[in-house]
Amino acid sequence: MEMIRGYPDYMRESIEMVAKTREARAKETMRRLTLEERDEVLKNFHPDYKPDAKAEIRIGRSKGEKAPKEVVELLEAMPLIDESDVNLNQIDFDVDILIIGGGGAGTVAALWAYYSGVPIENILMCTKLRHGDANTMMAQGGIQAADRPEDSPAIHYLDVLGGGHFTNNPDLVEKLVMEAPKIIKWHEQLGVMYDKDENGNFIEISGGGTSRFRMHSAKDYTGMEIMRVLRDEFRNLGMRVLEFTSAVELLTDGNEVTGAVLFNMETKQYYVVRAKAVILATGGFGRLHIMGFPTTNHYGATGDGLVLAYRTGARLVDMDSVQYHPTGAAFPEPIVGLLITEKVRGLGAQVVNKYGKQFVFPLEPRDVEAASIIKECYSTENYVVTPTGLRGVWLDSPLIELLRGEGTVVKSLGAMYRMFHRFGIDMSQDPILTFPTLHYQNGGVAINVNAETDVKGLFACGEVAGGVHGKNRLMGNSLLDVNVFGKIAGISAAKYVKHKKSKGKLTLAHLDRYMKELKEAGIKSEKRAPMLLPDYRGKAVLSRKLDIVV
Amino acid sequence: MEENKEKTIKVYIMGKEHQVPEGLTIMKAIEYAGYKLVRGAGCRAGFCGACATVYRKANEYKLRVALACQTLAEDGMYLTEIPFVPANKAKYELEKIKPSPNIILQYYPEVARCVACNTCTKSCPQDLKVMDYIQAMKRGDIARAAELSFDCVQCGLCAARCPAEIVHYHAAQLARRLYGKYLAKPSPNLEKRIKEIEEGKYDEEIKRLKSMGLEEMKKRYMEQQKNAEKEEA
């Protein structure tokens, strides 16, 4: 196969057509879909609506509700440990607050717990990868905050609710939008380098489903910049984190959460943590590869927090909806499924088919945009097929250069440019091929405005928690979510531990209850959970595997 | 995929020979060969810097560097991931320091030892002008150092290879935070909006939206979407 500037020669014909229609298209605006039209494309083409996508949850607080099959399997799986494996009388860490998860939400929670008066030695964080190896680090496009005079928190509120099909928890949305400007201010004070003009005004653009320009960004490394700064602050303060150490089970006194059993993934030893409060900040489930989709998520996004919380009696909400990001990379093969930030469309790139023709407004809410792309690829012949048989449509990135001047792509989309450039593609000159990819866990553990779950002593924030985004999250609201609810979780947990005089008993009594429920429902699973990490080892090797201790 | 499966290449992972399909990234090749990564894999998309890799191509003496998740494995490649870089990170209270020209040298005095060999720039998998930002630090030009280092994923390869023992990526973090806090102007809108929120200016409207019936809210939402701000041509 001959390659011409990164693409096989047969794709060049279509790329030429995209180039040919570009100038005329630049002036053409697609109509936004009505609510009815949105519903229709979702029903017919969104992966959530496939008949075999979901299963019913048969046990626990959310019994009767639907969730992706892959999640239900984990909820029905056997625990990794039982009472005979661990000595809960020997406590390794005795703290006020344990934070599980070292991404954006967990780090923000740690900082705000400290700001709220909890001594540093009484806060402990654990994370299964390195501190900061998380979806926050990978968030590219931006963070929403209604701070321009043309905008208001009320407008932001309605955008969030409409984007979520009016299924969001309104109280959580109110918190999200009202706290947003304060979060950006806090970031300014910490030294986050947002894109600004010479007078200090943020350069703000739009995102899918937003009716005002309110996307604050730091090139297309927004999450990385925020995460780097938060982590640097955490390190400056000398706060404690256990890396490569995952939580394998929460501990309770039978009702309230009182600690956790952690597992050092390198030495294989366990640690018993006693804590007055536990903050769950474990992120989402992209690495479960729901419906076989590739994912934009980091290596550890295996939905562990859902399993841990559910076994203690927490409730789950909106688990029936999964976010597929409209634009994952569909070519070249080594980066298939990786994120092409919505900022590419925010800056003006249109989504076009094989013939260089637009078929959808580029900034519909994510589920609608994704469904429209799937429709074009699977109900028409207007898609482009890759050498490995994948289908995709073009994201016309060179249009950005036409609209905003030469050099904009390199300047504003450095990460994207670099990613494609590594494989010989210059996205400022040629369009890039795209298809939806598994991106975000819309639902999660139910929380209230204080980031409290239904289980006493257990707080949750960030992607693991549900209700903020309802059944569909808009761009720029997850970086905001991890900050707002991370902050709230830190403050609430600090308040909670101040009033809680004694620490609770450490037991796995909730597991007995859970196992009993599984048994009564006639569920026998071969699987074990939490998953901790996905297994990508080659089949040839695994088929010859021996379990010999060395 | 079928096509790829048929064709394999030889790679040497930490010196050991393995046959892997052609077209995999270095990270996927390591996994295909049977290693379940705990260290050495983070975001898997080129943002976290967990998979810094040193490799050598067949018939070359030169050691090259890359992010394992963003680089294709090639036939005859010798490679290893670097699990950790034990570099020093200075502690500082950003509130209490000023963006004075010598501030970075105060926390990272080794920056002054730069011999301008350019090894750091050559070792950067992000292709940043690392040496140029170190030179900017020496000149006290914090803004330039912040700008040039902005795309840094903090993999630590620069520090691992520097003959002058400079910890480029940590020094750059300080430069960027100083820039963000002190050199960039604070947003004027932000102050105003926060004050308005604190004074309860939006409480009434949000309350009204929260008590609105679904149909009315949908109508209002679509109006808002229709009247969305548009880019001026």
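Note that the structure is a prediction, hence the values are computed from the model and not measured.

**So, the overall build of chain A**
Phase 1: Counting secondary structure elements, chain A contains 17 helices and 24 strands.
Phase 2: Its C-alpha atoms give chain A a radius of gyration of 23 Å, near enough to 24 Å, the size a compact globule of 550 residues would have.
Phase 3: Taken along the three principal axes of its C-alpha coordinates, chain A extends 70 × 60 × 45 Å.
Phase 4: Once local pairs closer than 6 in sequence are excluded, the contacts in chain A between residues at least 24 apart make up 76%.
Phase 5: A gap of 2 Å separates the mean positions of the 68 positive and 71 negative side-chain charges of chain A.

**A short note on the overall build of chain B**
Phase 1: Helix and strand counts for chain B come out as eleven helices and five strands.
Phase 2: The C-alpha atoms of chain B give 25 Å as radius of gyration, which overshoots the globular expectation for 233 residues (17 Å, by more than 25%).
Phase 3: Projected onto its principal axes, the C-alpha positions of chain B cover 70 × 55 × 40 Å.
Phase 4: Looking at chain B residue by residue over its 233 residues, the buried ones come to 51%.
Phase 5: Averaging the positions of the 39 positive and the 32 negative side-chain charges in chain B gives two centres separated by 4 Å.

**Considerations on the pattern of salt bridges**
Pairing is possible between side chains of opposite charge, provided their charged atoms come close.
Phase 1: For the structure shown, the criterion picks out 56 salt bridges over all chains.
Phase 2: Two residues, Lys276 of chain A and Asp96 of chain A, come together in a salt bridge whose shortest N-O distance is 3.9 Å. Pair noted here: Lys276 of chain A is in strand 14 (residues 270-280) and Asp96 of chain A is in strand 6 (residues 93-100), with a separation of 180 residues, a long-range link.
Phase 3: Of the charged contacts in the structure, one is a salt bridge between Lys185 of chain A and Glu191 of chain B, with a shortest N-O distance of 2.7 Å. Taken together, the positions of Lys185 of chain A in helix 7 (residues 170-190) and Glu191 of chain B in helix 9 (residues 188-198) put the pair across two chains.
Phase 4: Three or more residues joined by partner-sharing salt bridges are found here, namely Lys185, Glu188 and Lys196 of chain A together with Glu191 of chain B.

**Let's talk about the interface of chain B and chain A**
Often, the extent of an interface is quoted as the loss of accessible area on bringing the components together.
Phase 1: Contacts between chain B and chain A engage 80 residues on the former and 94 residues on the latter.
Phase 2: Between chain B and chain A, the buried area comes to about 7,800 Å², and carbon and sulfur atoms account for 57% of it.
Phase 3: Between Lys219 of chain A and Asp151 of chain B there is a salt bridge; the shortest N-O distance is 2.9 Å.
Phase 4: At the boundary of chain B and chain A, one finds 44 residue pairs in polar contact (both at pLDDT 80 or more).
Phase 5: Contributing elements (two or more residues each) for the side of chain B that touches chain A: helix 2 (26-32), helix 8 (168-183), helix 9, helix 10 (203-211) and helix 11 (214-226) of chain B.
Phase 6: Here the residues of the side of chain B that touches chain A are counted per class, giving 38 nonpolar, 18 polar and 24 charged.

**Looking at the sheet that holds strand 10 (residues 215-216) of chain A**
All names here are of chain A.
Phase 1: Spatial strand order, 8-10-9: three strands in an open sheet with antiparallel pairing. Bordering the open sheet on either side are strand 8 (143-144) and strand 9 (204-205), each of which pairs with just one other strand.
Phase 2: In this structure, strand 8 lies alongside strand 10, joined through two bridges in antiparallel fashion. Bridging from a neighbouring strand, Ile143 pairs with His216 of strand 10.

**Re the sheet that holds strand 2 (residues 16-21) of chain B**
Residues and elements named next belong to chain B.
Phase 1: Reading across from one edge, 2-1-5-3-4 is the order of the five strands in this open sheet, with mixed pairing throughout. Every interior strand has two partners, whereas the edge strands, strand 2 and strand 4 (64-67), have only one. Neighbour-to-neighbour, the strand axes of this sheet turn through a mean angle of 35°, independent of strand direction.
Phase 2: Here strand 3 (residues 52-56) runs beside strand 5 (residues 77-81); their pairing, made up of four bridges, is antiparallel.

**Observations regarding the pairing of strand 5 of chain B**
It is a general feature of regular strands that their side chains alternate between the two faces of the sheet.
All names here are of chain B.
Phase 1: The alternating pattern of strand 5 places Met77, Leu79 and Glu81 on a buried face and Tyr78 and Thr80 on a face that is not buried.
Phase 2: Here strand 1 (residues 8-13) pairs with strand 5 via three bridges, running parallel. Looking across to strand 5, one finds that Ile13 is bridged to Leu79.

**Re the domain arrangement of chain B**
Phase 1: By domain assignment, chain B separates into domain 1 (8-81), domain 2 (94-183) and domain 3 (198-232).
Phase 2: For domain 2 of chain B versus domain 3 of chain B, the distance between C-alpha centres works out to 46 Å.

**What about a negative patch on the surface?**
All names here are of chain A.
Phase 1: A surface patch of like charges, here negative, comprises Asp82, Glu83, Asp85 and Asp512.
Phase 2: Mapped onto the elements, Glu83 comes out in the loop between strand 5 (78-79) and strand 6.
Phase 3: Judged by relative accessible area, Glu83 falls into the partly exposed class, the value being 48%.

**Quick word on unusual backbone geometry**
Phase 1: In this structure, Pro332 of chain A follows Phe331 of chain A across a cis peptide bond, with omega equal to -5°.
Phase 2: Mapped onto the secondary structure, Pro332 of chain A falls in the loop between strand 16 (322-329) and helix 10 (343-346).
Phase 3: Residues Ala529 of chain A and Pro530 of chain A are joined by a peptide bond in cis, for which omega reads 0°.
Phase 4: The residue Pro530 of chain A is located in the loop between strand 24 (528-529) and helix 17 (539-542) in this model.
Phase 5: The phi dihedral of Phe166 of chain A is positive, around 60°, even though this residue is not glycine.
Phase 6: A residue is classified by how much of its surface remains accessible, and Phe166 of chain A, at 16% relative accessible area, is buried.
Phase 7: Phi angles above zero are rare outside glycine, and Met14 of chain B is one such case at about 50°.
Phase 8: With respect to the helices and strands, the residue Met14 of chain B is situated in the loop between strand 1 and strand 2.

**A short note on the confidence of the model for chain B**
Phase 1: Of the residues in chain B, 97% reach a pLDDT of 70 or more, and the chain-wide mean stands at 95.
Phase 2: Here the prediction assigns the complex a pTM of 0.97, and the interface score ipTM is 0.97.

**Concerning the pairing of strand 2 of chain B**
All names here are of chain B.
Phase 1: Judged from the six bridges that link them, strand 1 and strand 2 form a sheet pairing that is antiparallel. Pairing of Tyr12 across the sheet is with Glu17, part of strand 2.
Phase 2: Linkage of strand 1 to strand 2, two consecutive antiparallel strands, is achieved through a turn of two residues, within which Met14 is found at a positive phi near 50°.

**Observations concerning the packing of aromatic side chains**
Centre-to-centre distance and the angle between the planes together describe a pair of aromatic rings.
Phase 1: Applying the stated rule across the entire model yields 17 aromatic pairs over all chains.
Phase 2: Taking the centre distance of 5.6 Å and the plane angle of 20° together, the rings of Tyr7 of chain A and Phe331 of chain A count as stacked. One end of the pair, Tyr7 of chain A, is in strand 2 (residues 7-8); the other, Phe331 of chain A, is in the loop between strand 16 and helix 10, with 324 residues separating them in the sequence. Residue Tyr7 of chain A shares its accessibility class with Phe331 of chain A, and that shared class is buried.
Phase 3: A ring pair is formed by Phe166 of chain A and Tyr221 of chain B, whose centres lie 5.7 Å apart and whose planes are at 90°; its orientation type is edge-to-face. Here Tyr221 of chain B lies in helix 11 and Phe166 of chain A lies in the loop between helix 6 (153-163) and helix 7, a pairing that spans two chains.
Phase 4: An aromatic cluster of at least three residues, connected via ring pairs, comprises Trp112, Tyr114, Tyr115 and Trp186 of chain A.

**Some thoughts on the packing of helix 7 of chain A against helix 15 (residues 477-499) of chain A**
A pair of packed helices is captured by two measures, namely the crossing angle of their axes and the spacing between those axes.
Residue and element names in this part refer to chain A.
Phase 1: Interaxial distance between helix 7 and helix 15 falls to 8 Å at its minimum, and their mutual angle equals 90°. It follows from the interaxial angle that helix 7 and helix 15 lie roughly perpendicular. Of the residues in helix 15, those touching helix 7 at Leu172, Lys175, Leu176, Glu179, Ala180, Lys182, Ile183, Trp186 and His187 are Asn477, Leu480, Asp481, Asn483, Val484, Phe485, Lys487 and Ile488.
Phase 2: Of the residues in the contact of helix 7 with helix 15, the class split is nine nonpolar, three polar and five charged.

**Observations regarding helix 9 (residues 304-311) of chain A**
Every α-helical turn comprises 3.6 residues, leaving residues that sit three or four positions apart pointing alike.
Phase 1: Here helix 9 of chain A lies mainly inside the structure; eight of its eight residues are buried.
Phase 2: Those residues of helix 9 of chain A that fall on the buried side of the exposure criterion are Asp304, Gly305, Leu306, Val307, Leu308, Ala309, Tyr310 and Arg311 of chain A.

Cut-off values and rules
Residues numbered from 1 in each chain as written. Chains lettered and ligands numbered in written order. Predicted model: local features only at pLDDT ≥ 70, side-chain atom pairs only at ≥ 80, totals over all residues. Heavy atoms only, no water. Helix = DSSP H or I, 4+ residues; strand = E, 2+ residues; numbered from the N terminus. Rg over C-alpha atoms; globule rule 2.2 N^0.38 Å. Contact = heavy atoms within 4.5 Å. Lys, Arg positive; Asp, Glu negative; His and termini not counted. Charge placed at Lys NZ, Arg CZ, Asp CG, Glu CD. Buried < 20%, exposed > 50% of the residue type's maximum accessible area, 1.4 Å probe, protein only. Salt bridge = Lys/Arg side-chain N within 4 Å of Asp/Glu carboxyl O. Buried area = accessible area lost by both parts, 1.4 Å probe. Polar contact = N/O pair within 3.5 Å; in protein donor to acceptor, adjacent residues only side chain to side chain. Nonpolar A, V, L, I, M, F, W, Y, C, P; charged D, E, K, R; others polar. Pairing = 2+ DSSP bridges. Axes fitted to C-alpha atoms, helices over the stretch in contact; angles between N-to-C directions. Domains from an automatic or database assignment. Patch = residues over 30% accessible without salt bridge, like charges linked within 9 Å, V, L, I, M, F, W, Y side chains within 5 Å. Areas by Shrake-Rupley, 256 points an atom, 1.4 Å probe, with all protein chains shown as cover. pLDDT = per-residue confidence, 0-100. Phe/Tyr/Trp six-rings, centres within 6.5 Å; stacked < 30°, edge-to-face > 60°. Parallel < 35°, antiparallel > 145°, perpendicular 65-115°, else oblique.

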